[in-house]
Amino acid sequence: MSATGVGPADEKLRDLLLGHIHDVPDYPKPGVMFKDITPLLADATAFAALTDALAEACRRHGATKVVGLEARGFILGAPAAVRAGVGFVPVRKAGKLPGATLAQAYELEYGTAEIEMHADAVGPGDRVLVIDDVLATGGTAEASVRLIRRAGAEVAGVVVLMELGFLPGRERLSGALEEAPLEALITV
């Protein structure tokens, strides 16, 4: 589901979700309008509708596993994976997972960061759908796509609750996605 070409059911879902996302001005710093999804998570109807939409994306894209990006991607991805009947894989900040891991560095506005997943979490034969809450600059999502491919798995796509259309996330991610789809339930 994308914000373009949506049908009546998609508009209803979009309105429900947007009605539970609150703007918090000047957080985490002055001039930033933070999109707070915690009211959405606290509402059973809205959270269930979001989970259903994400699970449907898993089925539609033939995912065998879901990768959730730390930390809100865990909250959204895990129930969607369960609902879709597929496994869930957390992708975390470096140093947070025990055992053997694969790491992927990526560029931030001022410096670099690194994400990791267990080395044996995905592999050949897996179709992995990445789920996160927000697509902003696209750095973490791009790194996760590269990490999944390095592990030998296929990227089924990336699905986010909300895309910040005024930031370059979609453009940054497009090269890494190759032919895999990027979907946003809401674009602001």
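Residues numbered from 1 in each chain as written. Predicted model: local features only at pLDDT ≥ 70, side-chain atom pairs only at ≥ 80, totals over all residues. Heavy atoms only, no water.

An unreviewed UniProt entry lists the protein under the name Adenine phosphoribosyltransferase, with Streptomyces roseoverticillatus given as the organism. Taken directly from UniProt, the Sequence similarities (unreviewed entry) text for the protein runs: "Belongs to the purine/pyrimidine phosphoribosyltransferase family." In its Pathway (unreviewed entry) section, the UniProt entry covering the protein states "Purine metabolism; AMP biosynthesis via salvage pathway; AMP from adenine: step 1/1." (UniProt positions renumbered as here; feature names shortened; annotations may be inferred.)

1. Remarks on the overall build of the protein
Each helix and strand in the protein was counted, giving six helices and nine strands. Here the C-alpha atoms of the protein give a radius of gyration of 16 Å, agreeing with the 16 Å that 2.2 N^0.38 yields for 188 residues. Seen through its C-alpha atoms, the protein measures out along the principal axes to roughly 40 × 40 × 30 Å. Considering the protein as a whole, with its 188 residues, one finds that 42% of them fall into the buried category. (Helix = DSSP H or I, 4+ residues; strand = E, 2+ residues; numbered from the N terminus. Rg over C-alpha atoms; globule rule 2.2 N^0.38 Å. Buried < 20%, exposed > 50% of the residue type's maximum accessible area, 1.4 Å probe, protein only.)

2. Re the layout of surface pockets
Using a probe with the size of a water molecule, rolled over the atoms, empty space left in the structure can be pinpointed. Looking at the largest pocket, its volume works out to about 1,400 Å³. Contributing elements (two or more residues each) for the lining of the largest pocket: strand E2 (33–36), strand E4 (87–93), strand E5 (101–108), strand E6 (111–118), strand E7 (127–135), helix H5 (139–150) and strand E8 (154–163). When its residues are assigned to classes, the lining of the largest pocket shows 24 nonpolar, five polar and twelve charged. (1 Å grid on protein atoms, 1.4 Å probe; cavity = no way out; pocket = protein on both sides within 12 Å on 5 of 7 lines; lining within 4 Å. Points joined across faces, edges and corners; volume = space filled by probe spheres on them. Nonpolar A, V, L, I, M, F, W, Y, C, P; charged D, E, K, R; others polar.)

3. Focus: the packing of aromatic side chains
Under the counting rule described, the total for this entry stands at two aromatic pairs. Ring centres of Phe74 and Phe88 lie 6.3 Å apart, and the angle between their planes is 85 degrees; on these two criteria the pair is classed as edge-to-face. With Phe74 in helix H4 (residues 72–84) and Phe88 in strand E4, the pair connects residues that are 14 residues apart, well separated along the chain. Accessibility expressed as a relative area gives 28% for Phe88, which makes it partly exposed. (Phe/Tyr/Trp six-rings, centres within 6.5 Å; stacked < 30°, edge-to-face > 60°.)

4. A look at the confidence of the model for the protein
Averaged over every residue, the pLDDT of the protein is 94; the share at 70 or more is 96%. This model gives residues 1–6 a pLDDT under 50, and the stretch forms eleven contacts once residues within four places in sequence are excluded. (pLDDT = per-residue confidence, 0-100. Contact = heavy atoms within 4.5 Å.)

5. Quick notes on the sheet that holds E7
Strand-to-strand pairing in sheets goes through backbone hydrogen bonds, with the strands running parallel or antiparallel. The sheet built from seven strands is open, its strands ordered E5-E6-E4-E3-E7-E8-E9 with mixed pairing. This sheet does not close on itself; its edge strands, each paired only once, are E5 and strand E9 (182–187). Within this sheet the neighbouring strands show an average axis-to-axis angle of 25 degrees, counted without direction. Sheet topology places E8 next to E9; five bridges connect them, and they run parallel. From the neighbouring strand, Val158 faces E9, where its bridge partner is Leu182. Along the sheet, H5 contacts strand E3 (65–69), E4, E5, E6, E7 and E8; its crossing angle with E5, the most-contacted strand, is approximately 150 degrees. (Pairing = 2+ DSSP bridges. Axes fitted to C-alpha atoms, helices over the stretch in contact; angles between N-to-C directions.)

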